[in-house]
Amino acid sequence: MKLYTRFAAAMLGALAALSSAQAQPFMTNVYGRETQSLNGKWDAIVDLYDQGRRNRIYLDRKAQGKTDFYEYSFENGLRLDVPSDWNSRMPELKYYEGTVWYARRFDAPQHEGRRLFLHFGGVNYRCRVYLNGEPVGSHEGGFTPFQMEVTDRVKPQGNFLAVEVNNTRTPDAIPAMSFDWWNYGGITRDVQLVSVPQTFVEDYFIRLEPAGDRIAADVKLSQAAAGVAVRIEIPELKIDRTAQSDEQGAVVLSIPVKRLERWSPEQPKLYRVIVSTADDRVEEQIGLRTLRVEGEDIYLNDRPVFLRSVSFHEEIPQRRGRAFSEADAVMLLSEAKALGCNAIRLAHYPQNEYTVRLAERMGFLLWEEIPVWQGIDFANGATRAKAEGMIREMIHRDKNRCALTFWGVANETQPSSARDEFLRHLIRCCREIDSTRLIVAAFDLVRFDRERQVFVMNDPFIEALDVVAVNKYMGWYHPWPLEPERAVWDVARGKPLVISEFGGEALYGQHGPDDVASSWSEEYQERLYRDNLRMFENIPNLRGVSPWVLFDFRSPFRFHPTNQEDWNRKGLVSDQGYRKKAWYLMKKYYEEKQALR
Ligand code: GCB
């Protein structure tokens, strides 16, 4: 009963978080549904002065009479790939921040008696969607999915879909005015037309209960349909259970399980799970494992774990563009695997579902966060509502991924009562939907206490977290106050601590003295890594490290004309895919850590 109430409350909460102007909550596991891809070449119009809406260009009118004319046409103009970003399409759009209209036609035959939804994996940053000349919804937030029901609006032939996309930075947005990555604009993830029966399996949350001997399965049908038989099958475990939905259209089961092979980075076992009704059937691979924090340790399947992590942005450096495909996910994750990682911090926003799903199959523990990245207007209620929408959308999408270990609520925030209230609210939202993950935030507040000669941090907010994470750039933004091997930490004792960022810049192929930061040399970066790894031995509650960052990435405020050229050069791997010296050092460190297990 208690479980059920929590699930129902979470669903209601998800609804409440979305303002009426926004899209409805979306179905889980869209890739397990009957879909028609709307990816491909779309027509586009660049609308620098935001005149398209006033001129209703989404009507796509054509001159009829002799006196008619329209000062636009989607035909024979700019073409953009979906998914992709516009910045990498041509030099004129490299720095563009503003509005671009996307449009395409599609047919949708054979959907008699079905419900249809337009599903967007991600559009950066805000968008309005128009179908056959009518507005059908809008969304804000560049890194989470949304959907719109279009059942009564789709024609068998000749539909015209227009999307007004805008990536202007604003102080009330998340992220806000400045952030250290490229502000790629566009429809950056898959677009699909999803076809489902009238009453369909909208949502489910399937996981191993903390004691490890039962599987919890919560299912929610799309309509509050009582008395519908909902079946859950896990053939390999010989589980086949059917239960009737209640008056909310919900089913809550707790199923005993024996001889389970648990998911872990070493053995990323997944089971085929089928959720069905007489009308609908959704299938996917789900892993089962337990997770908890006890004292200063993180336990996965009752064994303490040390995170050999790394971060990357959702970017393919060699292509200079947003990552969006499964092939992109293979590239990013293979390099993390080669480094010896068992964990990834997905920086600094929810990345696409291909990456998350493949990471799970490859055996990475995941940290996923929303882009509450410095400079957020914490006192603004509208901003808080946006953050809530994002965190709910992220958890809603990925809660069935057992690889998901951490929900990250913030990166580098300064203490204030407005911040505390904002973040506490986000944590409540997380726990309401999913009480099984560890809540984490990254801080940049560690400083050297000269009197005590130790590193300390003073932010009472850490009490609200399961795991405390620190970004610390010793040897780069902060000179060493003493020898690295004497640098002792007394930070967040009693809780597990993770170094969520450290590192420094080097230009691949550039050689120079290992003690001059401005040499931007591989030798300097390598030494900086060596020093930091030494310091890590003196952090008693250290339970994981995550170098910043796997690849060089594009950032518009990295101005140095020869060493940076709009690139943040902290990558262990260059923009061309070459490994720098520090990569090899880090790999050795991870090999040694693994051997200690
Ligand atoms: C940080 C940020 C990260 C930056 C990094 C840097 O502390 O969390 O997003 O890219 O520093 O390179 O300065």
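Computed from a predicted model, the values in this text were never measured in an experiment.

**With respect to the packing of helix α2 (residues 326-339) against helix α7 (residues 581-595)**
How two helices sit against one another is set out by the angle between their axes and by the gap between those axes.
Stage number 1. Packing of α2 against α7 leaves a shortest axis separation of 8 Å and a crossing angle of 65 degrees. In this structure, α2 contributes E335, A338 and L339 to the contact, and α7 contributes W583, M586, K587 and Y590.
Stage number 2. Class assignment of the residues belonging to the contact of α2 with α7 gives a composition of five nonpolar, no polar and two charged.

**Brief notes about the domain arrangement of the protein**
Stage number 1. One can read the domain layout of the protein as domain 1 (26-194), domain 2 (201-288) and domain 3 (293-595).
Stage number 2. Here the C-alpha centre of domain 2 lies 34 Å away from the C-alpha centre of domain 1.
Stage number 3. Domain 1 puts six residues into the contact, and the matching count from domain 2 is eleven residues.
Stage number 4. In total, about 610 Å² of surface goes out of reach between domain 1 and domain 2, with carbon and sulfur atoms giving 36% of it.
Stage number 5. Linking domain 1 with domain 2 are one salt bridge.

**Side note on the site of the ligand**
Stage number 1. Near the ligand there are 14 residues, and of these D180, H348, E412, Y477 and K570 occur at the shortest range.
Stage number 2. The separation between an oxygen atom of the ligand and a polar side-chain atom of W373 is 2.9 Å.
Stage number 3. A distance of 3.1 Å is found between an oxygen atom of the ligand and a side-chain nitrogen or oxygen belonging to W548.
Stage number 4. Summarising the interface, the protein chains cover 95% of the accessible area of the ligand, which totals 320 Å² for the free molecule.
Stage number 5. Its residues assigned to classes, the shell around the ligand shows five nonpolar, four polar and five charged.

**Things to note about unusual backbone geometry**
Stage number 1. Between N124 and the following residue, Y125, the backbone shows a cis peptide bond with an omega angle of 10 degrees.
Stage number 2. Its place among the elements puts Y125 in the loop between β6 (123-124) and β7 (126-131).
Stage number 3. With an omega dihedral of 20 degrees, the bond running from W548 to V549 counts as a cis peptide bond.
Stage number 4. When you line up the elements, V549 lands in the loop between β34 (542-545) and β35 (553-554).

**Re the sheet that holds strand β18 (residues 271-276)**
Remark on secondary structure: sheet strands pair via backbone hydrogen bonds, oriented parallel or antiparallel.
Stage number 1. Here four strands make up an open sheet; going across it, the order is β16-β15-β18-β19 and the pairing antiparallel. Single-partner strands in this sheet number two, and they are β16 (239-244) and β19 (281-286). Taking each pair of neighbouring strands and ignoring which way they run, the sheet shows an average axis angle of 15 degrees.
Stage number 2. For strand β15 (residues 229-234) and β18, the ladder comprises three bridges, and the chain directions are antiparallel. When the bridges of β18 are listed, I232 appears paired with V275.

**Comments concerning the pairing of β34**
Stage number 1. Pairing analysis gives two bridges linking strand β23 (residues 307-312) to β34, with the strands arranged parallel. Residue pairing for β34: L307 is matched across the bridge by G544.
Stage number 2. The sheet contact formed by strand β33 (residues 497-501) and β34 spans three bridges and is parallel. Residue I499 lies in a different strand from β34, and its bridge partner there is V545.
Stage number 3. In this fold, β33 hands off to helix α6 (residues 522-536), which returns the chain to β34; that crossover is right-handed.

**A short note on the nonpolar core**
Generally speaking, nonpolar side chains in soluble globular proteins are found buried as a group.
Stage number 1. Counting 115 residues, the largest nonpolar core has V372, W489, F536, V545 and M586 as its most contacted members.
Stage number 2. Looking at which element gives the most residues to this core, the answer is helix α5 (residues 417-433), with seven residues.
Stage number 3. Those residues within four positions of V545 in sequence are excluded, and the remaining contacts are F306, L307, R308, S309, I499, F502, F536, M586, Y589 and Y590.
Stage number 4. The next biggest cluster of nonpolar side chains, apart from the first, holds 31 residues, and it includes W86, Y96, F120 and M148.

**Here's the deal with the sheet that holds strand β3 (residues 78-82)**
Stage number 1. Pairing is antiparallel in the open sheet, where six strands are placed in the order β3-β2-β4-β10-β7-β8. Of all the strands in the sheet, just β3 and β8 (134-140) have a single pairing partner and so form its edges. Going from strand to strand, the sheet's axes swing by 30 degrees on average, the running direction of each strand aside.
Stage number 2. Examined bridge by bridge, β7 and β8 share six bridges and lie antiparallel to one another. Residue pairing in the sheet places L131 in a bridge with E134 of β8.

Cut-off values and rules
- As a convention, each chain's residues are numbered from 1 in the sequence order in which they are written.
- pLDDT decides what is reported in this predicted model: residues at 70 or higher carry local features, side-chain atom pairs at 80 or more are listed and counted, and totals for whole chains, interfaces and linings draw on all residues regardless.
- To get the side-chain values, take all heavy atoms of the structure and skip hydrogens and water.
- Each axis is a line fitted through C-alpha atoms, taken for helices only over the stretch in contact, and angles between the N-to-C directions span 0 to 180 degrees.
- A run of H or I in DSSP becomes a helix once it reaches four residues, and a run of E becomes a strand once it reaches two; helices and strands are each numbered from the N terminus.
- Contacts are assigned to residue pairs that have any heavy atoms within 4.5 Å of one another.
- Note on residue classes: Ala, Val, Leu, Ile, Met, Phe, Trp, Tyr, Cys and Pro are nonpolar, Asp, Glu, Lys and Arg are charged, and everything else, Gly too, is polar.
- How far each domain reaches was decided by an automatic or database domain assignment.
- Two parts placed together each lose some accessible area; with a 1.4 Å probe, that loss summed over both constitutes the buried area.
- Only one rule defines a salt bridge in this text: a Lys or Arg side-chain nitrogen within 4 Å of an Asp or Glu carboxyl oxygen.
- It suffices for a single heavy atom of a residue to lie within 4 Å of a molecule or strand for the residue to be listed as near it.
- Two N or O atoms form a polar contact when they lie within 3.5 Å of each other; inside protein one atom must be a possible hydrogen donor and the other a possible acceptor, and for residues adjacent in sequence the pair counts only when both atoms belong to side chains.
- For the accessible areas, the method is Shrake-Rupley and the probe is 1.4 Å, while residue cover comes only from the protein chains on display.
- Following DSSP output, two strands are said to pair if at least two bridges run between them.
- Here a crossover is taken to be right-handed if, once the strands point away from the viewer, the path from the first strand over the helix to the second is traced clockwise.
- Buried Ala, Val, Leu, Ile, Met, Phe, Trp, Tyr and Cys residues that are joined via side-chain atoms within 4.5 Å together make up what is termed a nonpolar core.
- Burial classes: relative accessible area under 20% of the type maximum marks a residue as buried, over 50% as exposed, and values in between as partly exposed (1.4 Å probe, protein chains only).

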